[in-house]
Amino acid sequence: AQTVTQSQPEMSVQEAETVTLSCTYDTSESDYYLFWYKQPPSRQMILVIRQEAYKQQNATENRFSVNFQKAAKSFSLKISDSQLGDAAMYFCAYREQTSGSRLTFGEGTQLTVNP
Amino acid sequence: NAGVTQTPKFRVLKTGQSMTLLCAQDMNHEYMYWYRQDPGMGLRLIHYSVGEGTTAKGEVPDGYNVSRLKKQNFLLGLESAAPSQTSVYFCASSYDGPYNEQFFGPGTRLTVL
């Protein structure tokens with residue numbers, strides 16, 4: 001079974017600064033997908049960014065980018081120019097190719113943005 | 001377009017009572033999922049469905065049953081609630097294929113006394 005580990009339960013960053021959230025995963029598959037979801041206090045799960053494992057190029061979405069290291073099974077999220085609205089719980093997730101394309105989530109990292 | 005909706009939003013049960021959580025989506029998605037979220041543990045998959053009339057077990061299926069009689073609805077049942085089932089429950093749906101985003105409902109907070 002796949003596992004996803006987020007080793008930082010809490011992180012903080014100053015507004016306008018850059019922060020990196022870590023995620024590692026374990027799998028025997030060669031083809032899969034990785035996601036970062038954001039959960040603000042409203043509890044709504046919001047997709048931030050996704051990465052296909054067969055693509056070497058790191059995904060970017062505006063201020064959000066990933067550092068995908070397939071050999072190391074590492075998938076970190078970098079948030080640039082942090083804003084107060086970025087404060088949330090962030091979940092890393094692994095999605096398998098088969099078995100209903102299920103998501104396996106990490107434990108989450110609570111991000112605080114200080115003004 | 002309502003997206004994914006969940007009913008109810010909050011519920012308090014006594015141990016041994018039963019209830020059904022309803023998830024509905026209007027995006028014509030094939031796949032639907034039920035997760036539970038507990039502090040410090042992320043979201044864990046309870047059951048899922050890859051199409052109308054199909055269901056399958058996820059990571060933590062014990063104590064729950066599901067049904068997908070209509071494509072747009074996915075029901076999660078608790079036959080005899082236990083305090084260990086106190087949690088926030090999320091429903092999600094997506095088109096088939098692992099690249100596609102899973103869209104989540106707003107969640108149901110369930111407390112079992």
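Structure first, text after, so check above.
Conventions used here
- Residues numbered from 1 in each chain as written.
- Chains lettered and ligands numbered in written order.
- Predicted model: local features only at pLDDT ≥ 70, side-chain atom pairs only at ≥ 80, totals over all residues.
- Heavy atoms only, no water.
- Pairing = 2+ DSSP bridges.
- Helix = DSSP H or I, 4+ residues; strand = E, 2+ residues; numbered from the N terminus.
- Axes fitted to C-alpha atoms, helices over the stretch in contact; angles between N-to-C directions.
- Core = buried A, V, L, I, M, F, W, Y, C linked by side-chain atoms within 4.5 Å.
- Buried < 20%, exposed > 50% of the residue type's maximum accessible area, 1.4 Å probe, protein only.
- Contact = heavy atoms within 4.5 Å.
- Buried area = accessible area lost by both parts, 1.4 Å probe.
- Salt bridge = Lys/Arg side-chain N within 4 Å of Asp/Glu carboxyl O.
- Nonpolar A, V, L, I, M, F, W, Y, C, P; charged D, E, K, R; others polar.

Engineer: Help me understand the sheet that holds strand 7 (residues 65–67) of chain B in this model?
Structural biologist: Through backbone hydrogen bonds, the strands of a sheet pair up, either in parallel or in antiparallel fashion. All names here are of chain B. The sheet built from 4 strands is open, its strands ordered 1-3-8-7 with antiparallel pairing. Strands with a single pairing partner mark the edges of an open sheet, and in this sheet they are strand 1 (4–7) and strand 7. Put simply, the sheet's adjacent strands are angled 20 degrees from each other on average, direction ignored. Judged from the 6 bridges that link them, strand 3 (residues 19–25) and strand 8 (residues 73–78) form a sheet pairing that is antiparallel. Bridge pairing in strand 8 links Leu21 to Leu76.

Engineer: Would you mind showing me how to read the nonpolar core here?
Structural biologist: Soluble, globular proteins show a tendency: their nonpolar side chains are buried together. Membership of the largest hydrophobic core comes to 25 residues, with the highest contact counts inside it found for Tyr25, Trp36, Phe75, Leu77 and Tyr90 of chain A. If you list the elements that add at least two residues to this core, you get strand 3 (19–21), strand 5 (32–39), strand 6 (46–52), strand 8 (64–69), strand 9 (74–79), strand 10 (88–96) and strand 12 (109–114) of chain A. Sequence-distant contacts of Tyr90 of chain A, defined by excluding residues within four places in its chain, comprise Gln6, Leu21, Trp36, Tyr37, Lys38, Val48, Phe64, Leu77, Ile79, Gly108, Thr109 and Leu111 of chain A. If you look at the next biggest cluster of nonpolar residues, it comprises 20 residues, including Val4, Met27, Trp34 and Phe74 of chain B.

Engineer: How should I be thinking about the interface of chain B and chain A in this particular structure?
Structural biologist: A common way to express how large an interface is: the accessible area buried when the components associate. At the interface, 31 residues of chain B touch 22 residues of chain A. Buried surface at the junction of chain B and chain A, both sides included, amounts to about 2,000 Å², of which 53% is carbon and sulfur. The largest per-residue losses of area from chain B upon contact with chain A belong to Pro98, Tyr99 and Phe104 of chain B, which jointly make up 33% of the total buried on that side. On inspection of chain B and its partner chain A, the count reaches 0 salt bridges. Within the residue set of the side of chain B that touches chain A, elements represented by two or more residues are strand 4 (31–37), strand 5 (43–49), strand 9 (87–94) and strand 11 (108–112) of chain B. Among the elements that make up the side of chain B that touches chain A, the one with the highest residue count is strand 4 of chain B (4 residues). Residue composition of the side of chain B that touches chain A, grouped by class: 16 nonpolar, 11 polar and 4 charged.

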